[in-house]
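Listed below, chain by chain, are the residues.
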Amino acid sequence: YLKDHGVRTRYLDGKYPAVFAQFTDAQPGPFLLSGHFDVVEPDPDEGQFIPRVDGAYLWGRGAADMKTVVATDLVWMKDAAKSGKPAPPVSLLLIGNEENGEAEPMGTPHVLDFLSKESGYSPRLVVAGERTGEKGDELFGEIATENRGILRFEITGHGIRGHTGVKSASADLSEQLIQARTD
């Protein structure tokens, strides 16, 4: 999509691929839009892959968890490239491994390290336009101005597998994860 609209796009192949994009008439910008395009397993069936609009809401796999933002970033970059105005100082990094691959290439820290070593590129500000709220019914959410940080470690869990982003998750799964983080 971006290549077809005059945006310089680089595909970084690996177990979890990544896409780095910048405007063709500019160096990679000091401002980096960041996002992910992975999804969790379907629950209860593949029907979640059929998007639909219901009132003011888009329903579909990953719509609230980054895909709407990724689509918005893509359309904005296309429109900015076609505007005829000087390119804004913004680049885009999309990764395919948010939950399960930050410790694997090509996660965000790996791509940024690779780009830094290759060309000296290091963004001054990274904006990850993740979901708007925690209840799932908010049209607008708060802007977080802090960095959640990166900590790498391994956890081995035993029991029933679950993900907080699926309807069938046990009611206390989020609370258990918060307690585990606190502990």
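Scroll up for the structure.
Remember, it's a predicted structure, so these values are computed and weren't measured experimentally.

Q: Sorry if this is basic, but what is going on with the sheet that holds strand S2 (residues 18-23) here?
A: Reading across from one edge, S1-S2-S6-S3-S7 is the order of the 5 strands in this open sheet, with mixed pairing throughout. Each of the sheet's edge strands pairs with one partner strand only, and the pair in question is strand S1 (7-12) and strand S7 (125-128). Between one strand and the next, the sheet's axes are offset by a mean angle of 20 degrees, whatever the strand orientation. With 6 bridges joining them, strand S3 (residues 31-36) and strand S6 (residues 90-95) adopt parallel strand pairing. Directly across from Ser34, in S6, lies its bridge partner Leu93. With respect to the sheet, helix H3 (residues 108-119) is in contact with S1, S2, S3 and S6, its orientation differing from that of S1 by roughly 115 degrees.

Q: Help me understand a nonpolar patch on the surface in this model?
A: The grouping of Phe31, Leu125 and Val127 at the surface amounts to a nonpolar patch, some 230 Å² of accessible area in total. For Val127, the position within the fold is in strand S7. Classification of Val127 as partly exposed rests on a relative accessible area of 39%.

Q: Looking at this structure, I do not really get the pattern of salt bridges. What am I missing?
A: Opposite charge on two side chains lets them pair, provided their charged atoms get close. Here the structure, examined in full by the defined rule, presents 3 salt bridges. Between Arg10 and Glu118 there is a salt bridge, and its shortest N-O distance comes to 2.6 Å. You can see Arg10 sitting in strand S1 and its partner Glu118 sitting in helix H3, a full 108 residues away along the chain. On the basis of relative accessible area, Arg10 is assigned to the partly exposed category, the value being 31%. Here Lys117 and Asp113 are joined by a salt bridge, their closest N and O atoms 3.1 Å apart. Of this pair, Lys117 and Asp113 both sit in helix H3, 4 residues apart, which is roughly one turn of that helix. Judged by relative accessible area, Lys117 falls into the exposed class, the value being 66%.

Q: Quick question: what am I supposed to make of H3 here?
A: For the α-helix, the turn length of 3.6 residues means that residues three or four positions removed from each other point alike. In a regular helix each residue adds 1.5 Å, so 12 residues correspond to 16 Å; H3 covers 16 Å between its end C-alpha atoms and thus fits that length. Considered for burial, the residues of H3 that qualify are Thr108, Val111 and Leu115. Considered in projection along H3, the buried side chains sweep an arc of 70 degrees and stay on one side of the axis. Buried residues along H3 sit against S1, S2, S3 and S6. A positive phi of about 85 degrees marks Gly120, the residue just after H3.

Q: Even after reading the chapter, I still don't get the pairing of S3, so can you show me in this structure?
A: Looking down a regular strand, the side chains alternate between one sheet face and the other. Across the 6 residues of S3, 5 count as buried, placing the element largely inside the fold. Alignment of S3 against S7, held across 4 bridges, turns out to be parallel. Its bridge partner lying in S7, Phe31 is registered against Leu125.

Basis of the calculations
- Residues numbered from 1 in each chain as written.
- Predicted model: local features only at pLDDT ≥ 70, side-chain atom pairs only at ≥ 80, totals over all residues.
- Heavy atoms only, no water.
- Pairing = 2+ DSSP bridges.
- Helix = DSSP H or I, 4+ residues; strand = E, 2+ residues; numbered from the N terminus.
- Axes fitted to C-alpha atoms, helices over the stretch in contact; angles between N-to-C directions.
- Contact = heavy atoms within 4.5 Å.
- Patch = residues over 30% accessible without salt bridge, like charges linked within 9 Å, V, L, I, M, F, W, Y side chains within 5 Å.
- Areas by Shrake-Rupley, 256 points an atom, 1.4 Å probe, with all protein chains shown as cover.
- Salt bridge = Lys/Arg side-chain N within 4 Å of Asp/Glu carboxyl O.
- Buried < 20%, exposed > 50% of the residue type's maximum accessible area, 1.4 Å probe, protein only.
- Expected span 1.5 Å × (residues − 1).
- Arc of directions from axis to C-beta.

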